[in-house]
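# Topology and contacts: notes
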Amino acid sequence: MMLGNDSPERPTVACLLAVACGFGSGALGCNSGEPNKADMVSQTDAVTSTSPGTNMAVTSAGLTTSGSSATAGGSVTGTGGPVTSTGNPAGGTSGGAISTSGATNGVGGATATASTSGGAPGDCGITVDSYELSPTIATVGIVSWSATAAIDSAEISFGPSDTGLTMTAPVDLNEPGYRTLLLGMKSQRDYNFQIVATAAGQTCSSEVLSLSTGYIANALPDIEREVVQAAAVSPGFIVTMLNTSPYALIFDADGDIVWWASGPTTASSARMDWHGKNMWMVTGNPSPSGRGELWRVSMDGSETVKSTGLDVHHDIAPLPNGNVVALVHQDGCSAILELTPELTTARTIVADVSTLYQPSGMGCHPNSVLYHPEDESLTVSDREPNLYVKVSKTGELEWQFGGQNPLGPHISQIWSVNHGHQLLPDNHFLFFNNNGDQPGFGVGTSHAVEFALDLEALTATEVFRYVSDDNLNSASLGDVQRLPNGNTLVTYSNTGVIHEVDAGGALVQVFRTGVTGYAMHRESLYGPPPK
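The rules behind these values
Residues numbered from 1 in each chain as written. Predicted model: local features only at pLDDT ≥ 70, side-chain atom pairs only at ≥ 80, totals over all residues. Heavy atoms only, no water. Helix = DSSP H or I, 4+ residues; strand = E, 2+ residues; numbered from the N terminus. Buried < 20%, exposed > 50% of the residue type's maximum accessible area, 1.4 Å probe, protein only. Contact = heavy atoms within 4.5 Å. Areas by Shrake-Rupley, 256 points an atom, 1.4 Å probe, with all protein chains shown as cover. Pairing = 2+ DSSP bridges. Axes fitted to C-alpha atoms, helices over the stretch in contact; angles between N-to-C directions. Phe/Tyr/Trp six-rings, centres within 6.5 Å; stacked < 30°, edge-to-face > 60°. Lys NZ or Arg CZ within 6 Å of the ring centre and 35° of its normal. Core = buried A, V, L, I, M, F, W, Y, C linked by side-chain atoms within 4.5 Å. Salt bridge = Lys/Arg side-chain N within 4 Å of Asp/Glu carboxyl O. Disulfide = S-S within 2.5 Å. Polar contact = N/O pair within 3.5 Å; in protein donor to acceptor, adjacent residues only side chain to side chain.

When its secondary structure is counted, the chain shows 0 helices and 37 strands. Of all 531 residues assigned to the chain, the portion counted as buried reaches 57%. Contacts spanning at least 24 positions in sequence make up 60% of the contacts within the chain whose residues lie at least 6 apart. Surface exposure of the chain reaches about 19600 Å², of which carbon and sulfur atoms provide 50%.

Structure representation (C-alpha cells):
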C-alpha cells in the first residue's frame, strides 16, 4: 500500500525464534544492512518471509549457524532454523552465543537478535514464535508467542536498547498467538523487548529480544519543538490528524513521529479505539454535503475499512465495546449514531440534534463529541448557537451550557464559536473558544477557557483562561485538554501550533506541525482515551 505521493517505507522481514521460559540463552539474528534511500523498495513489493537455511535446530552450545543472505533490495531472511536452549528452568546459566553471520536481511529488514544472558525465572514454557515490523508502518512491532502453561495475564516490556524496558504493551490473551503490537517506537532505533507472564501465581519471562525500527513516510511533516520549561513537560504522545494532507499521525514528547496512516481528505479527527487496536478518522466539514467519510485503520496498518452511504463529519467518540459514536448529516440537520467496527449502525442515539437545542445561524453544526464512561453520557458542541449539551446514554438532554432558547436546564454564558472541549471532574468544563476576545463579532484571538459548573444553581464561574502571547487564532476546529500533571494542551488547528501551558498559564512547550484537526494527548498508546 502506498501512502500518498511519498516515497514508500522500507520493507520489513520476520524473524522466527523459539525461546523457552526459564532456559539458557542462544541468539539467532536477522541483521539488516543500512540501505540508501535510493534503494528503498515500494510498499507494494514488500514481503514478510523467512527462508530456512541449510541447518536445522541449533542448541545453545556456542555454535555458529550459516543461513542464506539476501542481496540488497531483497526482503528474505536466511536463518538456520529455530533456536532452543537447555539451561536451568530456575534461572540457569547462559548458553553459548550464536553467531549471526550469513543471516542478513535484504534492504530495510528489521534487526532481531536474542539476548545471551541466563535463563528467566519460573517456567511457563514461553516460546516467541515470531517478531517483526509492520510492512506498512515501520515503527510498529508485531510479536506472537505461545506457552505450555495456562497464562493468567501477560505484558510485553520494551524500550530503546540504550535506556531499558521503559514501555509496556498489555497482552490480549484472546488474540490468536497472543499477538501484541509494540506502539510508540521512534524510527531508525534499536529496541529490546521481553514477555512477562503470570501462570498459577508465578511470574516468568522470555529472554530479552531486540528489533530495529525502519523509516517513517517521506510525506510526513517535520515536527518543530520548542521547550520553555523542560521540567514541566508532560510525557506521552499526541494523536492528531493533518487537515490539509491525508494522514493521521502520532508523535511523542520529543516531537518524533512514531505512527502514521493515510486517511480521508480534509479530515478533522483521529481517535484511537478503546483498546489501542484501531485508529478512527473522520472528514471535517465535507463540501458539498454528502461526502463525509469515516475510516477505521488497524494500528499495524494491515486493515482499512471505509464508510459507504454515511455522511459522517467532524468528530467521533470511541466506546468501550469497540463501537464509535459519530455525528452524521441527515435531513438538513445531524443525527448522533453508534456505529460498529464494520461501520454499520448499531443504534440511533439522537435522531435529530435539533431536539436537544435550537439551531441558529447556518442551522445545525455539531462539531465535537466526547463519551464519558462514568455515566455513559455524551457531550456535544455546536458552533452556530455557541453551546454545548450533555446527553444521556439513551439520548435525553441533561443540560445546555451557553447559547440561547434552551430546551431544558440551561447554564447561561456568552462566547463566540466553540469546538474541542473536555468535561473535567467536579463538573469543570474546559473548551476552545475560537473568537474568544470578540464575542459575536467575527474572528478574533482564540482562548482556552475553563468554567466551574454548578448544576444545581445552573451557574458557571470562570476559573482559567489562556491567551497566547502572540494572539494565535483558529477560526475553525481547535482543541483543549487538561493533562495528568495539571498542564493544559491548547491546539490552534488552523495555525498548526500546539501549546502546552502550566496551571498558571505559563508556556511549557510548543509544537509546530502544519494545519491539523483536533489533538489528544495520551500518556500511553494502550487503554481508554483520557477524555
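Anyway, onward from the coordinates.
The subject of this paragraph is the sheet that holds strand β14 (residues 247-252). Read from one edge to the other, the open sheet built from 4 strands follows the order β15-β14-β13-β37, with strand pairing classed as antiparallel. The open sheet is flanked by β15 (257-262) and β37 (516-522), the only strands paired with a single partner. In this sheet, adjacent strand axes meet at a mean angle of 15° when their direction is disregarded. Pairing of strand β13 (residues 237-242) with β37, which is carried by 5 bridges, proceeds in the antiparallel orientation. For I238, the partnering residue across the bridge sits in β37 and is H521.

Across all of its chains, the model carries 16 aromatic pairs by this definition. Ring centres 6.1 Å apart and planes at 45° place the aromatic pair Y388 and W415 in the tilted group. Here W415 lies in the loop between β28 (410-411) and β29 (418-424) and Y388 lies in strand β26 (residues 387-391), a separation of 27 residues in the sequence. Here Y388 and W415 have matching classes, each one buried. Grouped by ring-pair contacts, the aromatic residues Y388, W399, F401, W415, F429, F431 and F451 constitute a single cluster. Looking at R482, its charged tip hangs above the ring of F464, at a distance of 5.4 Å from the centre.

Quick look at the nonpolar core now. Of all hydrophobic cores here, the largest spans 63 residues; its most connected members are W145, L182, F193, I250, W259, M279 and M281. The residues touching W259, leaving out its near neighbours within four places in the chain, are I137, T139, V140, A248, L249, I250, M279, M281, S298 and M299. Within the second largest apolar cluster, 20 residues are counted, among which are L319, V325, L327 and V353.

Read from one edge of the open sheet, 4 strands run β29-β30-β31-β32, paired in antiparallel fashion. Edge strands, defined here as strands with exactly one partner in the open sheet, are β29 and β32 (459-466). Pairs of neighbouring strands in the sheet enclose a mean axial angle of 25°, with direction left out of account. As paired strands, β29 and strand β30 (residues 428-433) are joined by 5 bridges and run antiparallel to one another. Across the sheet, the residue bridging to L423 is F429, located in β30.

Okay, the environment of P406 next. Mapped onto the elements of the fold, P406 is located in the loop between β27 (397-402) and β28. Residue P406 is classed as partly exposed on the basis of its relative accessible area, which comes to 36%. C-alpha of P406 to C-alpha of L387: the two residues are 19 residues apart in sequence and 9.9 Å apart in space.

Tallying each qualifying case throughout the model produces 19 salt bridges. Among the ionic pairs, K390 bridges to E398, the shortest N-O distance being 3.7 Å. The class for K390 is buried, based on a relative accessible area of 10%. On the accessibility criterion, E398 (32% relative accessible area) is partly exposed. A salt bridge links D479 to K531, with the nearest nitrogen and oxygen atoms 2.9 Å apart.

Below, the discussion takes up the state of the cysteines. As enumerated under the stated definition, the model contains 2 disulfides in all. Disulfide partner of C124: C204, at an S-S distance of 1.7 Å. An S-S torsion of about -105° defines the bridge between C124 and C204 as left-handed. Residue C124 is located in the loop between β3 (112-114) and β4 (127-133), and its partner C204 is located in strand β10 (residues 202-205); the two are separated by 80 residues in the primary sequence.

One non-glycine residue, N386, lies in positive phi territory at about 55°. Tracing the chain through its elements places N386 in the loop between β25 (377-382) and β26. One non-glycine residue, N405, lies in the positive phi region at around 50°. Here N405 lies in the loop between β27 and β28.

Now for the environment of E224. Looking at the secondary structure, you find E224 in strand β12 (residues 224-227). As for E224 and G514, which are separated by 290 residues in sequence, their C-alpha atoms are 9.6 Å apart. Residue contacts for E224: discarding those within four places in its chain leaves V510, F511 and R512.

Here we take up the environment of G322. Within the secondary structure, G322 is located in the loop between β20 (312-318) and β21 (324-330). The buried category is assigned to G322, whose relative accessible area is 19%. Considered as a pair, G322 and P341 are 19 residues apart in the sequence and their alpha carbons are 6.6 Å apart.

Attention now goes to the pairing of strand β17 (residues 278-283). The buried fraction of β17 is high, at 6 of 6 residues. Burial along β17 is two-sided: the residues N278, W280 and V282 and M279, M281 and T283 are all buried. Summarising the sheet, strand β16 (residues 267-272) and β17 pair through 5 bridges and their orientation is antiparallel. Counterpart to R271 in the pairing with β17 is W280. In this antiparallel pair of consecutive strands, β16 and β17, the connection spans 5 residues, and G276 shows a positive phi of 70°.

This next bit is on the pairing of β10. In terms of strand pairing, strand β9 (residues 190-199) meets β10 through 4 bridges, oriented antiparallel. Bridging from a neighbouring strand, A199 pairs with Q202 of β10.

This part takes up the side chain of H499. Within the secondary structure, H499 sits in strand β35 (residues 497-501). At a separation of 2.9 Å, a polar atom in the side chain of H499 contacts the side chain of Y466. Once residues lying within four places of it in the same chain are set aside, the contact partners of H499 are Y466, S468, D470, L472, T488, L489, V490, Y492, L507, Q509 and V510.

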